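Per-entry structural report
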Amino acid sequence: MNVAALWSKRFLLSSILLGVFSAEVQAQAQSTSIKTTGTMLVVPAFGEVKHSNDEAHATLMIEEQDKDKALAASRVNQKMKQGMALLKREDDQAILKTRGYYTYPVYSEDQPKQNNTARRVVSWRVGQYLDVTTSNLSRLPKAIAAAQSVLGLSGLNFSLSETTVKKLDEQRIAAAYQNLTERIGAIAKAMGRDPSDAILDTVDFEASGAYAQMSDNASPKMMMRSAAAMESVSVEEPNFEPGETTLQMRVVAKVKFK
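The shown structure was predicted, so the numbers you read here are calculated from the model rather than taken from an experiment.

Basis of the calculations
- Residues numbered from 1 in each chain as written.
- Predicted model: local features only at pLDDT ≥ 70, side-chain atom pairs only at ≥ 80, totals over all residues.
- Heavy atoms only, no water.
- Phe/Tyr/Trp six-rings, centres within 6.5 Å; stacked < 30°, edge-to-face > 60°.
- Buried < 20%, exposed > 50% of the residue type's maximum accessible area, 1.4 Å probe, protein only.
- Helix = DSSP H or I, 4+ residues; strand = E, 2+ residues; numbered from the N terminus.
- Pairing = 2+ DSSP bridges.
- Expected span 1.5 Å × (residues − 1).
- Bend = angle between axes of the 7 residues up to and from the residue.
- Contact = heavy atoms within 4.5 Å.
- Salt bridge = Lys/Arg side-chain N within 4 Å of Asp/Glu carboxyl O.
- Axes fitted to C-alpha atoms, helices over the stretch in contact; angles between N-to-C directions.
- Patch = residues over 30% accessible without salt bridge, like charges linked within 9 Å, V, L, I, M, F, W, Y side chains within 5 Å.
- Areas by Shrake-Rupley, 256 points an atom, 1.4 Å probe, with all protein chains shown as cover.
- Polar contact = N/O pair within 3.5 Å; in protein donor to acceptor, adjacent residues only side chain to side chain.

A separate point is the packing of aromatic side chains. A full pass over the atoms with the stated rule returns three aromatic pairs. Between Tyr102 and Tyr104, the ring centres sit 5.7 Å apart and the planes meet at 20°, which makes this aromatic pair stacked. For Tyr102, a relative accessible area of 10% translates into the label buried. With centroids separated by 6.4 Å and ring planes inclined at 45°, the aromatic side chains of Tyr102 and Tyr129 adopt a geometry described as tilted. Placement of Tyr102 in strand S3 (residues 95-107) and of Tyr129 in strand S4 (residues 121-134) is noted, with a sequence separation of 27 residues between them.

Right, dumping it as structure tokens:
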């Protein structure tokens, strides 16, 4: 056998062995790969938008104490009327709502305790609350200062008006859906799949189904605090910063790969 024939046989044998080895490696790779066809995924996503607060909610109150219940009530009624007039003068678009009118006795603290003896009433405490809602934030400091000449400010917070919330709803939905598509693309890439193979089976905005987490939105109860009688004097305007509110949306989607 000449040298050329010998090398020809060796080359043919090497080719056969290489083909067998490649086939074994390919078969092993196929046996260890994870099949994702028909896989159903549950993908959560999240979106949010921010906007400056454009509505104020203030709570004012008045409380009077007197031995004569009628006199205490009369002063409360008069000062509440004056305070409401001052608010309307400074902001005629403000929405006013009175609530929480109360009258209760104040008992003597130095009266000795005796069985079957009624406690002695030494005076009466009368008060009332006023809720103010306005979108005129530029006039708010002046309006509150005017009202504080006869009423007390017991609470103030800022939020978005209902009109603004409705306008931002479209942006919030778009932000949540964009985040969903980005996450689906990232998951498809991690699984070695083309994002175009993903099919949306279910999209649950606000996660209203079984995926929703219950959140406690209950606000803390406002505690009544007594206030001393106020004289009708000029009050320096307070400074307020409305801040901003973040609106959030959750979305959960069921995604299947073809």
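Taking burial as the measure, the twelve residues of strand S2 (residues 55-66) include ten buried ones, the bulk of the element. Across seven bridges, the pairing between S2 and strand S5 (residues 152-159) is antiparallel. Across the sheet, the residue bridging to Leu60 is Leu153, located in S5. Taken together, the eleven bridges between S2 and S4 define a ladder with antiparallel strand orientation. In the strand pairing of S4, Asp66 is matched with Trp124.

Next up on the list: helix H4 (residues 162-190). The terminal C-alpha atoms of H4, which comprises 29 residues, lie 42 Å apart, in line with the 42 Å expected from a rise of 1.5 Å per residue. Bending of H4 peaks at approximately 35° at the position of Leu168. Regarding H4, the residues found buried are Thr164, Leu168, Arg172, Ala176, Leu180, Ile184 and Ala188. Along its buried surface, H4 packs onto strand S1 (40-52), strand S6 (198-205) and strand S7 (244-257).

With that settled, the discussion passes to the pattern of salt bridges. Opposite charge on two side chains makes pairing possible when the charged atoms of those side chains draw close. Counting across every chain of the model gives ten salt bridges. With its nearest N and O atoms 3.2 Å apart, the salt bridge here joins Asp66 to Arg75. Between Glu90 and Arg89 there is a salt bridge; the shortest N-O distance is 3.1 Å. Sharing partners across several salt bridges, the network here consists of Glu64, Asp66, Arg75 and Lys79.

A few words on the sheet that holds S3. The strand order S3-S4-S2-S5 describes an open sheet built from four strands, whose pairing is antiparallel. Sheet topology places S3 and S5 at the edges, where each strand pairs with a single neighbour. Looking at each pair of strands side by side, their axes are set apart by 15° on average, direction ignored. Strand contacts of helix H2 (residues 69-90): S2, S3 and S4, with the helix running at about 155° to S2, the strand carrying the most contacts.

On to the side chain of Arg172. Relative to the elements of secondary structure, Arg172 occurs in helix H4. What Arg172 contacts, discounting residues up to four positions off in sequence, is Val49, Glu206, Leu247, Gln248 and Met249.

Now for a nonpolar patch on the surface. Together, Ile173, Tyr177, Leu200, Val203 and Phe205 line one region of the surface with nonpolar side chains, adding up to about 360 Å² of accessible area. Sorting the residues of the nonpolar patch by element identifies H4 and S6 as the ones contributing at least two each. Accessibility expressed as a relative area gives 31% for Phe205, which makes it partly exposed.

Relative to the elements of secondary structure, Glu64 occurs in strand S2. Here Lys79 takes part through its side chain, which lies 3.0 Å from a polar atom of the side chain of Glu64.

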